[in-house]
Amino acid sequence: MSVESPALIFLNAFLINNFVLALFLGLCPFLGVSNKLKTALPMGAAVIFVMLVASVCAYGINLLLVRFQIEYLRLIAYIAVIASAVQLVEMTVKKFSPALFRMLGIFLPLITTNCAILGMALFQTANEYNFVQSLAFSLGAGAGFTLALVLMAGLRERLDLADVPDVCMGAAIAMMLAGLLSLAFMGFAGLGG
Amino acid sequence: MTAQPKRLDWDTFTEGLWKENPVFVMMLGLCPSMAVSNTAVNSLAMGLASTFVLVGACLLVSLLRKLIPKQVRIASYIIIIATFVTIVDYLIHAISLDLYRALGAFIQLIVVNCVILGRAEAHASKHPPVPAVINAFGMGLGFTVALLAIGSVREILGFGTLFGMSLFGPSFQPWAVFILPPGGFFVLSLWLVLFSFARRRRTRTLEAAHVS
């Protein structure tokens, strides 16, 4: 059992081992939705919510799996939980804000295959976090994803106005930008000791 | 008549290798391709593991394509993929413990590799088993090649080695940033620039030939 304090775990997932920029988790939505600040924030919020739900469910399910000694079903069980959580979010967003639903488009159901969420659930199990630690970890991971998404969206809005060489247009320059952002986040290494 | 299906199969095979290369052209499956591509060996292992899952899952999806109801197909595909990933996970654990530690959670994260779900949905669910498997194999190979391309550049620049063999002798000063996360982004973006440059040049030559 790990003894780290929840605050340290939160900070670790949020800044030092940022899910997108240090662990390369959730790159597809990171590149897909980071065109506009207006969609980046709701997307981040949706991911945080799914992370929280998935974390709580994964914790409960893991207890059950260990109890009945069927750990080899862990991966399948986690995926099923995440898919249902995403379905929940999708229905909620569709009901309360159809405009936002259209704006997020295909990327909303694709949260299911967002590796950040499954990664979070797997890491939380691998590190043997208790319930409070798991919550802190999932919150930090979600917040870190949102932070990276918003930063990237802001940069890309500026990039639209910049004069980029012809060959680098599109994905290549976005990757370069992500690399620089990741380099900046390296500065946080060692913060938590 | 006998030659035609053979050529068709060849086309479905090479499609994934070059024209629709999952990483460089379609920008799918980026997360695993950057996270574990810090050395050539890791990239190769990850590519082969993904290929195995891809081929197995596509075969099963293609065999079951008439049985799976349309409404629950995504969930069924995910379950099929997760099954094969569990097999690979235990397999690598049994074969090489070092490799298992190096790849870490990323073996299990093959489940959420969009290349696999994309292939299952776009190709395997609409084709009979043989073409589906050939196509999946080509895609998997394309993914492996892309991973190797990223991984070897990162290993050469970051460690001065390739597959663990020293290339430059002891006086080489490792370029550590290429092992670290930013290096993954940089190398991938450089490859993308190179490909878009090549594509542009080809269209320009074609146009020039057309005009004259």
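So, how was this worked out
- Residues numbered from 1 in each chain as written.
- Chains lettered and ligands numbered in written order.
- Predicted model: local features only at pLDDT ≥ 70, side-chain atom pairs only at ≥ 80, totals over all residues.
- Heavy atoms only, no water.
- Helix = DSSP H or I, 4+ residues; strand = E, 2+ residues; numbered from the N terminus.
- Rg over C-alpha atoms; globule rule 2.2 N^0.38 Å.
- Buried < 20%, exposed > 50% of the residue type's maximum accessible area, 1.4 Å probe, protein only.
- Lys, Arg positive; Asp, Glu negative; His and termini not counted.
- Charge placed at Lys NZ, Arg CZ, Asp CG, Glu CD.
- Contact = heavy atoms within 4.5 Å.
- Buried area = accessible area lost by both parts, 1.4 Å probe.
- Salt bridge = Lys/Arg side-chain N within 4 Å of Asp/Glu carboxyl O.
- Nonpolar A, V, L, I, M, F, W, Y, C, P; charged D, E, K, R; others polar.
- Patch = residues over 30% accessible without salt bridge, like charges linked within 9 Å, V, L, I, M, F, W, Y side chains within 5 Å.
- Areas by Shrake-Rupley, 256 points an atom, 1.4 Å probe, with all protein chains shown as cover.
- Axes fitted to C-alpha atoms, helices over the stretch in contact; angles between N-to-C directions.
- Parallel < 35°, antiparallel > 145°, perpendicular 65-115°, else oblique.
- Left-handed = near helix turned anticlockwise from the far one by under 90°.
- Polar contact = N/O pair within 3.5 Å; in protein donor to acceptor, adjacent residues only side chain to side chain.
- Phe/Tyr/Trp six-rings, centres within 6.5 Å; stacked < 30°, edge-to-face > 60°.
- Lys NZ or Arg CZ within 6 Å of the ring centre and 35° of its normal.
- Core = buried A, V, L, I, M, F, W, Y, C linked by side-chain atoms within 4.5 Å.
- Expected span 1.5 Å × (residues − 1).

(A) How the structure looks around the overall build of chain A. What chain A contains, in helices and strands, is eight helices and zero strands. Going residue by residue from the N terminus, the α and β elements of chain A occur as α-α-α-α-α-α-α-α. Taken over the C-alpha trace, chain A has a radius of gyration of 17 Å; the compact-globule value for 193 residues is 16 Å, and the two agree within 12%. By its C-alpha atoms, chain A is 60 × 45 × 25 Å across when sized along the principal axes. Each of the 193 residues in chain A was classed as buried or not, and the buried ones make up 48%. When the 9 basic and 8 acidic side-chain charges of chain A are each reduced to a single mean position, those positions are 12 Å apart.

(B) Focus on the interface of chain B and chain A. The interface is formed by 34 residues belonging to chain B together with 34 residues belonging to chain A. On the chain B side of the contact with chain A, B:Cys31, B:Val112 and B:Phe185 bury the most area, a combined 21% of that side's loss. Our enumeration of links across chain B and chain A arrives at zero salt bridges. Elements supplying a minimum of two residues to the side of chain B that touches chain A: helix H2 (30-35), helix H4 (73-95), helix H6 (114-122) and helix H8 (181-211) of chain B. Among the elements that line the side of chain B that touches chain A, the one with the most residues is H8(B), at 12 residues. Of the residues that constitute the side of chain B that touches chain A, the class distribution is 27 nonpolar, six polar and one charged.

(C) Up close: a nonpolar patch on the surface. Residues and elements named next belong to chain A. On the surface, a cluster of nonpolar side chains totalling about 300 Å² of accessible area is made up of Phe-49, Leu-88 and Met-91. The residue Phe-49 is located in helix H3 (residues 37-68) in this model. For Phe-49, a relative accessible area of 41% translates into the label partly exposed.

(D) Spatial organisation of the side chain of B:Thr39. Residues and elements named next belong to chain B. Its place among the elements puts Thr-39 in the loop between H2 and helix H3 (40-63). Its relative accessible area of 16% is what places Thr-39 among the buried residues. In contact with Thr-39, not counting residues within four places along its chain, are Gly-151, Glu-155 and Phe-159.

(E) Here's a closer look at the packing of helix H8 (residues 171-185) of chain A against H8(B). Their axes nearest at 8 Å, the elements H8(A) and H8(B) cross at an angle of 165°. Put simply, H8(A) runs roughly antiparallel to H8(B). Regarding H8(A) and H8(B), the two cross each other, and that crossing is left-handed. The residues of H8(B) that touch H8(A), namely those facing A:Ala171, A:Ala172, A:Met175, A:Met176, A:Ala178, A:Gly179, A:Leu180, A:Ser182 and A:Leu183, are B:Pro181, B:Pro182, B:Phe185, B:Phe186, B:Leu188, B:Ser189, B:Leu192 and B:Val193. Split by residue class, the contact of H8(A) with H8(B) holds 14 nonpolar, three polar and no charged.

(F) View of the environment of A:Met43. By the element assignment, A:Met43 lies in helix H3. Not counting residues up to four positions away in its chain, the partners in contact with A:Met43 are A:Pro29, A:Val33, A:Leu104, A:Phe107, A:Ile111 and A:Leu149.

(G) Geometry of H6(B). Of all the residues in H6(B), the buried ones are B:Cys114, B:Val115, B:Ile116, B:Leu117, B:Arg119 and B:Ala120. A distance of 3.0 Å separates the backbone nitrogen of B:Val115 from a side-chain oxygen at the start of H6(B), and that oxygen is part of B:Asn113.

(H) The packing of aromatic side chains, seen in detail. All names here are of chain A. In total, this model carries 10 aromatic pairs over all chains according to the counting rule given. A network of ring pairs unites the aromatic residues Phe-19, Phe-123, Tyr-129 and Phe-137 as a single cluster. The positively charged end of Arg-67 is found above the aromatic ring belonging to Phe-68, 5.6 Å away from the centroid.

(I) Summary view of the nonpolar core. Judged by nonpolar contacts, the single largest core of 121 residues is most densely connected at A:Leu27, A:Phe30, A:Ile111, A:Leu118, B:Phe24 and B:Leu188. For this core, the leading source of residues is helix H4 (residues 74-96) of chain A, giving 11 residues. Non-local contacts of A:Ile111, meaning those with residues more than four positions away in its chain, are made with A:Met43, A:Ala46, A:Val47, A:Val50, A:Val86 and A:Ile117.

(J) Structural context of helix H6 (residues 115-126) of chain A. Compared with the 16 Å implied by 1.5 Å per residue over 12 residues, the 16 Å span of H6(A) between its first and last C-alpha is a close match. In terms of burial, H6(A) is largely enclosed, as 11 of its 12 residues are buried. Looking at H6(A), one finds that the buried residues are A:Cys115, A:Ala116, A:Ile117, A:Leu118, A:Gly119, A:Met120, A:Ala121, A:Leu122, A:Phe123, A:Gln124 and A:Thr125. If you follow the buried residues of H6(A), they end up packed against H3, H4 and helix H7 (131-159) of chain A together with H2 of chain B.

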